[in-house]
Amino acid sequence: MSQIVMKELNGRDPPGLLIVVAGASHLIYGSRGTGVPARVSKKLPKKGQVVVLLDPERQSIRREGQIPVADFLWYSAAKTCTRNCFDRAEIARVMNAAGRRPEALPQDLQKGIDLGVVSPEILQNFFDLDKNPVMTELIHRFQGFRERLLADPKFLQRLAIEEAISISTTLLAQYERRKGRFFEEIDYVLTDTIRGSVVDFFTVWLPAPTISVLSFTDNDSGQSLGFVRGLLGSLPDNAFQKNTFGQNWNMNQRVAAVIVGGLKLAGVGFISSVGAGVSSDLLYAARGVLKPSVSVGAGRKRAPVLKSAAVYSCFLGTSANLRYQIIAGLLEHRLGESLATQYNQPLLAGLLSFVARTANSYLGTQVGHHHCFGVN
């Protein structure tokens, strides 16, 4: 092959552009390796070369620090890249600049780097988060937090804002309902507040955008489990999420994301409501034993636990699900990111998120308590 190329080059007068189409195995690390480009470069050093590799996901996997296979990687637009999608030399540069070794990274990131599906930007975001002691614990110990923080470094801020608003609005709603009995029935108040805090955690957690390489690395799962993971992994985290690397969601997938998200939140609502109802009944029974002289049952009206749980799960799976998907997808990660990056207005983006979550949380608290709970 190299002899044919050199013969063609030497036979041209004046020299022009020569395009050589060869198999990927003939490249072998470009003009500085041992393949055809390197042989031509050694015998004709004054000839400039540019090596373009088509469909890089078909090349052999290399380790960090090795010479790049080609000067340019050309991906087919007909299919999504699933292997060797980023320059490993750039990955090695980011690793060296941070003074890190691949062995110290979480296993999913190690596998993602080996497959070439972790971008230098994601790796740099990981190292930036790793500078904070709290973030270090979260991104190393908990995969769910790692996936969300890599996609949105402000995820913890949004979660803290939502929880603060949730607790405040729940306590206000409880005070409006109980008035003078607020402190007398503080145990019921705390039970309901804890339930609301748990639910609001999942309303932020579930629709939050994630970055995961498990869809590329989990090839050893069972057939049925792999099918379920593949089905859920093919859906966006919320219906309005931006397309990410390796994902180009269509309308059907986005509609399915609304349905799946609603089912998840409905399950959370049912379980938390049953738990709150049972806890409330236990507290009521304990009061009767500890303070038999105090009539705590007067005026106590309560809907059946399972009925309340069913109504609350429907409320979360429909109204709350749509509202939180709109906030996470449209307001924060489309409009908010545009304000912060394109218009350099991060404070306005933060204010938008705070106002939207405050109004949404207060509305949800009022509606949810009005329809689902009857303990007085």
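I will try to describe carefully the structure that is included in this document. In this text the structure is predicted, and so the values were computed from the model without any measurement.

### Section: the overall build of the protein chain
Counting secondary structure elements, the protein chain contains 14 helices and two strands. Carbon and sulfur atoms make up 61% of the accessible area of the protein chain, which amounts to about 21000 Å² in all.

### Considerations on the pattern of salt bridges
Per the stated rule, a full pass over the model turns up twelve salt bridges. The partner of Arg158 in a salt bridge is Asp152, and the shortest N-O contact between them spans 2.7 Å. Taking relative accessible area as the criterion, Asp152 reaches 6% and is therefore assigned buried. Salt-bridge contacts for Arg357 lead to Glu162; the nearest nitrogen and oxygen are separated by 3.0 Å. Highlighted residues: Arg357 in helix H14 (residues 346–372) and Glu162 in helix H8 (residues 155–178), separated in sequence by 195 residues. Summarising the burial analysis for this pair, Arg357 and Glu162 share the class buried. Connected via shared salt-bridge partners are Asp152, Arg158, Glu162, Glu332 and Arg357.

### Observations regarding the side chain of Thr193
Structurally, the position occupied by Thr193 is in helix H9 (residues 186–205). The residues contacting Thr193, other than those within four sequence positions of it, are Ile167, Thr170 and Leu171.

### Focus on the packing of aromatic side chains
Each aromatic ring pair is described using two quantities: the centre-to-centre distance and the angle formed by the ring planes. Within this structure, the stated rule accounts for ten aromatic pairs. Between Phe201 and Phe202 the ring centres are 5.3 Å apart and the planes differ by 90 degrees, which places this aromatic pair in the edge-to-face class. You can call Phe201 partly exposed: its relative accessible area is 23%. Between Tyr312 and Phe315, the aromatic rings sit 6.1 Å apart at their centres with planes inclined by 25 degrees, giving stacked as the arrangement. Here Phe315 and Tyr312 lie together in helix H13 (residues 305–341), a separation of three residues that amounts to about one turn. Taken together, Phe142, Phe145, Phe155, Phe201, Phe202 and Trp205 form an aromatic cluster joined through their ring pairs. Residue placement shows Arg148 over the ring face of Trp205; its charged tip is 3.9 Å from the ring centre.

Calculation notes
Position numbers for residues start from 1 in each chain and track the written sequence from start to end. Residues qualify for local features only when their pLDDT is at least 70, as the model is predicted, and side-chain atom pairs are given and counted only at 80 or more; totals for whole chains, interfaces and linings, by contrast, use all residues. Values reported for side chains reflect all heavy atoms of the structure, with hydrogen atoms and water molecules removed beforehand. Working definition: helices are DSSP H or I runs of at least four residues, strands are E runs of at least two. Numbering for both runs from the N terminus. Only the protein chains shown count as cover for residues, and the accessible areas themselves come from Shrake-Rupley with a 1.4 Å probe. By definition here, a salt bridge exists when the distance from a side-chain nitrogen of Lys or Arg to a carboxyl oxygen of Asp or Glu is within 4 Å. Partly exposed residues are those whose accessible area sits between 20% and 50% of the maximum for their type, while under 20% is buried and over 50% is exposed, using a 1.4 Å probe and protein chains only. When checking whether two residues touch, look at their non-hydrogen atoms; a contact exists if any pair is within 4.5 Å. What counts as a ring pair is set by centres within 6.5 Å for rings of Phe, Tyr and Trp (its six-membered ring), and what kind of pair is set by the plane angle: stacked under 30 degrees, edge-to-face over 60, tilted for all other angles. Remark: a charge is flagged as sitting over a ring if the NZ atom of Lys or the CZ atom of Arg is within 6 Å of the ring centre and within 35 degrees of the ring normal.

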